[in-house]
Amino acid sequence: MESKRVCVIGAGPSGMAVLFHLNRQIKRNEIEVVCFEKTSHSGGMWNYDWRTGRWRSEGDLEKWIRFNTVVRHVRYDNASETFHVQVEDLAKRKLLSSEAFDYVLVASGHFSTPNFPDFPGLNQFPGRVSHSHDFRDASEYAGKRVLAIGGNGSWSEVDAIVFCTGYLHHFPYLDDNLRLKTSNVLYPPNLYKGIVWMGSNGDGSQNGGNRLLYIGMSNLFYTITFLEIEGYWAVKYIIGEVTLPRKQEMVDEWKLWVERSKKIRSVRGVPPFQSSYMRYLSDECGYPYDVNVDDLFDEIISHKYGPNQGIITCRDMSFTSKFTGNKSPPKKLPFMEEFDDSLEGFVNVNYGQRGSKL
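Cut-offs used in this document
Residues numbered from 1 in each chain as written. Predicted model: local features only at pLDDT ≥ 70, side-chain atom pairs only at ≥ 80, totals over all residues. Heavy atoms only, no water. Pairing = 2+ DSSP bridges. Helix = DSSP H or I, 4+ residues; strand = E, 2+ residues; numbered from the N terminus. Phe/Tyr/Trp six-rings, centres within 6.5 Å; stacked < 30°, edge-to-face > 60°. Buried < 20%, exposed > 50% of the residue type's maximum accessible area, 1.4 Å probe, protein only. Salt bridge = Lys/Arg side-chain N within 4 Å of Asp/Glu carboxyl O. pLDDT = per-residue confidence, 0-100. Contact = heavy atoms within 4.5 Å. Axes fitted to C-alpha atoms, helices over the stretch in contact; angles between N-to-C directions.

### Here we look at the pairing of strand S4 (residues 69-77)
Both faces of the sheet carry side chains from a regular strand, because those side chains alternate between them. Of the pairings in the sheet, the one linking S4 to strand S5 (residues 82-89) comprises eight bridges and is antiparallel in character. Residue pairing for S5: Asp77 is matched across the bridge by Thr82. Where S4 folds back on S5, the antiparallel hairpin that results is connected by four residues, among which Glu81 adopts a positive phi of roughly 55°.

Here it is as structure tokens:
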């Protein structure tokens, strides 16, 4: 088999899902993998700082990751049918020579560039103005009146402002014809299977030869399992075990999913939509686990949006695991009264004994 070079951008949950499945296929397929990660560690948004603990990846996946290396430019050369990727070594503050790749997977996520709106008079506000992206500890707000912008319909005098206004899909390193431009929607446009880039016009032209893949670009309800299945499908496609249909079929399909997502009128329609998308991917690529969790979603939604319930009280409920059949233990304290956000607090099975661990 002809050797393939695969570039993975980002070593967060999306990138690590891809690397995990590539690691399982690498022994029987000639694939060279390079992952560029701008920080000094893997895990991305799940690799918390000193205040909240630390996420670690398992398996020998970091052998492919070049840490402290940020991607600066990606272009596709039609003549050679390869991507040229240029990166900067942040430790040396040096722009390196570009490298050629057969596939590029954009797995840098869309929860790192805050959406920071502007309002008249904001620059005159004397208090601290921040985004929820930077929130780690509530102690700095003790005794203050805090305005959280993102679901507000009233006004008041406040001491601090926190923008809870989401994030932007931000890929400045990609050439314009390769760059996904979308808001945080359930099915981004111009992506076949929600993964394969179909070009800026979505018609399959100037799209990097069907070898530019995006992972985790949708508005996520499933999160980790969602990324896992997309990564699995992408790897199966790279090694040739998943094939693409005719171009027009690809165009018709992504448009169908986008239109279907636009017809969702309430939050209750979101879980079934994303669940059906995941089953759709899973069935095609042979994902080895059952991802039909509609019953679980129904249970959560009924608590979250049912009478006398809400998004806060939902967090106090116990739910049954699809795979073990066991129900989670009851919480020691209601969500709004539980201030223990330590690692031990999350992995502790017995909420009555804070010291015990899994």
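### Description of the packing of aromatic side chains
What the rule picks out here adds up to 15 aromatic pairs. Each ring, one from Trp257 and one from Phe273, has its centre 5.5 Å from the other, and the planes form 70°; the classification is edge-to-face. Here Trp257, found in helix H3 (residues 247-262), pairs with Phe273, found in helix H4 (residues 270-285); they are 16 residues apart in sequence, far enough to count as distant. Taking the centre distance of 5.7 Å and the plane angle of 80° together, the rings of Trp257 and Tyr277 count as edge-to-face. On the criterion of sequence distance, the pair formed by Trp257 in helix H3 and Tyr277 in helix H4 is long-range, its members being 20 residues apart. With relative accessibility at 7%, the residue Trp257 sits in the buried group.

### Side note on the pattern of salt bridges
In total, this model carries 14 salt bridges according to the counting rule given. When the shortest N-O distance is used, the salt bridge between Glu140 and Arg128 registers 2.3 Å. Of this pair, Glu140 sits in the loop between strand S9 (128-131) and strand S10 (146-149) while Arg128 sits in strand S9; the two residues are 12 residues apart in sequence, bridging distant segments of the chain. Note on Arg128: relative accessible area 36%, which makes it partly exposed. The salt bridge involving Lys181 is made with Asp176; its shortest N-O contact spans 2.8 Å. Residue class for Lys181 comes out exposed when judged on its relative accessible area of 54%. Residue classification places Asp176 among the partly exposed residues on the basis of a relative accessible area of 43%. Connected via shared salt-bridge partners are Arg5, Glu32, Arg66 and Glu99.

### Some thoughts on the confidence of the model for the protein chain
Per-chain confidence: the protein chain averages 83 in pLDDT, with 84% of residues scoring 70 or above. When the criterion is pLDDT under 50, residues 49-56 qualifies, and its contacts beyond four places in sequence or with other chains add up to 15 contacts. Here residues 351-358 scores under 50 on pLDDT; set against residues more than four positions off or in separate chains, the count is 16 contacts.

### Comments concerning the sheet that holds S9
One open sheet holds the three strands; their spatial order is S9-S11-S10, and the pairing between them is parallel. Where the open sheet ends on each side, the last strands, each with one partner, are S9 and S10. Taken pair by pair, the neighbouring strands of this sheet meet at an average axis angle of 15°, ignoring direction. When S10 meets strand S11 (residues 160-163), the two strands line up parallel, connected through four bridges. What sits directly across from Ala148, in S11, is Val162.

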